[in-house]
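# Notes for the structure review
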Amino acid sequence: MHIFLNPPINYIITRWSSAPPLKGPRPTRVRLNKMVEEPIMIKVYTLGGYEEVGKNMTAVEYNGEVVIIDMGIRLDRVLIHEDVNFQQMSSRDLRKLGAIPDDSSLKNKKVVAIALSHGHLDHIGAIAKLAPHYPDVPIYGTPYTIKLAKAEVRSEQYFEVTNPMYETQYGEIVQVSENLAIEFVQITHSIPQSSMVVVHTPEGAVVYACDYKFDNHSPLGEKPDYKRLKELGKEGVKILIPESTRVAEHTKTPSEASAKLLLEDFFYYEGMEERGLITTTFASHIARLQELIEIANNMGRQAVLVGRSLAKYTGIAKQLGLIKMKGAKAVRSPNAVQKTLREVSQARENYLLIVTGHQGEPGAVLTRMANGELYDIGKDDTVVFSAGVIPNPINIAQRYALETKLRMRGVRMVKDLHVSGHASREDHRYLIKLLNPENIIPAHGEFRMLTHYAELAEEEGYLIGRDVFVSRNGYKVDVR
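Reading the values: rules and limits
Residues numbered from 1 in each chain as written. Predicted model: local features only at pLDDT ≥ 70, side-chain atom pairs only at ≥ 80, totals over all residues. Heavy atoms only, no water. Phe/Tyr/Trp six-rings, centres within 6.5 Å; stacked < 30°, edge-to-face > 60°. Helix = DSSP H or I, 4+ residues; strand = E, 2+ residues; numbered from the N terminus. Buried < 20%, exposed > 50% of the residue type's maximum accessible area, 1.4 Å probe, protein only. Lys NZ or Arg CZ within 6 Å of the ring centre and 35° of its normal. Pairing = 2+ DSSP bridges. Axes fitted to C-alpha atoms, helices over the stretch in contact; angles between N-to-C directions. Contact = heavy atoms within 4.5 Å. Salt bridge = Lys/Arg side-chain N within 4 Å of Asp/Glu carboxyl O.

## Quick look at the packing of aromatic side chains
All chains considered together, the criterion is met by 7 aromatic pairs. Judged by centre distance (5.3 Å) and plane angle (70°), the rings of Phe 214 and Tyr 430 are edge-to-face. Of this pair, Phe 214 sits in the loop between β12 (204-209) and α6 (226-235) while Tyr 430 sits in helix α13 (residues 425-435), and the two are 216 residues apart along the sequence. Taking the relative accessible area as the measure of exposure, Tyr 430 reaches 34% and is therefore partly exposed. Ring-pair connections join several aromatic residues into one group, and the members of that group are Tyr 212, Phe 214, Tyr 226 and Tyr 430. We note Arg 399 situated over the ring of Phe 385; from NZ or CZ to the ring centre the distance is 3.9 Å. Directly above the ring of Phe 447 sits Arg 472, whose terminal nitrogen or CZ lies 4.0 Å from the centroid.

Okay, structure coming up:
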């Protein structure tokens, strides 16, 4: 499928270089000039994440060469089918389920690099399924992201992945072909070492900003690289591809430091007498896990992390010095989980359990507890949800079922001790002002979210169909 969103070939459209920033439509001039050679188009393939939250994948083509950004999975499309083993399935079968992007439009294209923005599964979860379509094409990302991608590859049982993987540092510009280079710009999100991916072309930069927020007080010490973003804006950004998940919320997303205060206000209140304390959050949210471990230590309890994904993410983070596990332990094998939870249940007041299952995922530790397995959860226990519900019908339904089961067992629940890792409207507005992109293609959201971003872009002087383009999965946007 194809959308051609440009003027006819014998027209050149340019912005007035001397015009000051204005609200409303940006002034343009259109002139007929058949003698001037046309600039080469940049083609953006919107392969996944353009009408949904999940399975993100975008490709940027210039002069016949392609850089792919992210290869994500949509896990809920797998979870609704019983007895499905993702690692044993082919990419064709997973495409039929709507679980991974359809990259067939890149067949026979010259792919020169694959860049990974960060380590969440909706951005790297399909690496083992799709990277083999581009054998030996190098994969780049920050160290934490690449180590997580390698873990995904190791668990693959259907394909052999031969792509070399390279850890790239912030500030490096990697030349991947004669005309294309990639760069990873430091940004903040709910997982360490997240990046905005920049594809440098002779026509200007393409900036991929999925996912991010502007957090100036991250407990991990990470900060957005405002200096580099301003430089990119001055150098020239041809296309901005931003996430749109929370753009409809008219605010700025709070810092992770706010979530730390929410948790401390609850756990440190005068007269805390709860026996069993159980928390659940994203396994990849290293900053949040570090906060919970510190809270446990300050309360005189031992933090016990239970679940395979928690052990995986914290294990890699510990290798890179991103988390301190002082006094805490992580258990992942079935036997170790059962043994540990038996021990904890005998002296609940001595522990702070951190478990998987905040979305009500089948097979996760908290879900199994609510089903009467592993641990006799009940009126002596308080469950703290330090995570929001991912906005899709499957997660909403599973979370509702989980909460209902916990309520029936007499469990006290405390919800929403959490702040998002996604940019809200004012974060997005600031990014537009920093980069001053010529064109915008909203991404990472349901169609209504993409249109909300288009509305914001029009507030900043862009015009839908002229320099802001709302696309869908499987389409292509051509930009001169």
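After that view, the rundown keeps rolling.
## Things to note about the pairing of strand β17 (residues 351-355)
Of all 5 residues making up β17, 5 are buried, and the element is well covered by its neighbours. Here β17 shows a buried face lined by Tyr 351, Leu 353 and Val 355 and a second buried face lined by Leu 352 and Ile 354. As defined by bridge partners, strand β14 (residues 276-280) adjoins β17 across 4 bridges and the pair is classed as parallel. Bridging across to β17, Thr 280 finds its partner in Val 355.

## Comments concerning the sheet that holds strand β6 (residues 110-115)
Spatial strand order, β8-β7-β6-β5-β4-β3-β21: 7 strands in an open sheet with mixed pairing. Across the chains shown, the open sheet's two edge strands, defined by having one partner strand only, are β8 (165-167) and β21 (475-479). Neighbouring strand axes in the sheet, compared pairwise and without regard to direction, differ in orientation by 20° on average. Relative to strand β4 (residues 57-62), strand β3 (residues 42-48) runs antiparallel, the two sharing 6 bridges. Note on β4: the bridge partner recorded for Ile 42 is Tyr 62. Relative to the sheet, helix α5 (residues 143-154) contacts β7 (139-141) and β8, its axis offset from that of β8 by approximately 155°.

## Considering the pattern of salt bridges
Two side chains with opposite charge may pair up if their charged atoms get near one another. Across all of its chains, the model carries 35 salt bridges by this definition. In this structure, Glu 231 and Arg 228 form a salt bridge, with 3.1 Å as the shortest nitrogen-oxygen distance. A residue pair is termed a helical-turn pair when its members lie 3 or 4 positions apart in one helix, as Glu 231 and Arg 228 do in helix α6 at 3 residues. Residue Lys 260 is joined to Glu 264 by a salt bridge in which the shortest nitrogen-to-oxygen separation is 3.1 Å. Taken as a pair, Lys 260 and Glu 264 lie in helix α7 (residues 256-267) at a separation of 4 residues, close to a single helical turn. Of the residues examined, Lys 260 reaches a relative accessible area of 26% and is grouped as partly exposed. One salt-bridge network, held together by shared partners, links Arg 425, Glu 426, Arg 429, Lys 433, Glu 459 and Glu 460.

## Topic: the sheet that holds strand β19 (residues 412-414)
Hydrogen bonds between backbone groups are what pair the strands of a sheet, and the pairing can be parallel or antiparallel. Sheet architecture is open: 6 strands sit in the order β16-β15-β17-β14-β18-β19, paired in parallel fashion. One side of each edge strand has no neighbouring strand; the edge strands of this open sheet are β16 (329-331) and β19. Pairs of neighbouring strands in the sheet enclose a mean axial angle of 25°, with direction left out of account. Along the sheet face, helix α10 (residues 334-346) touches β15 (302-306), β16 and β17 and points at about 130° away from the line of β16. Together, β18 (381-385) and β19 form the strand contacts of helix α12 (residues 393-408), whose direction differs from that of β18 by roughly 160°.

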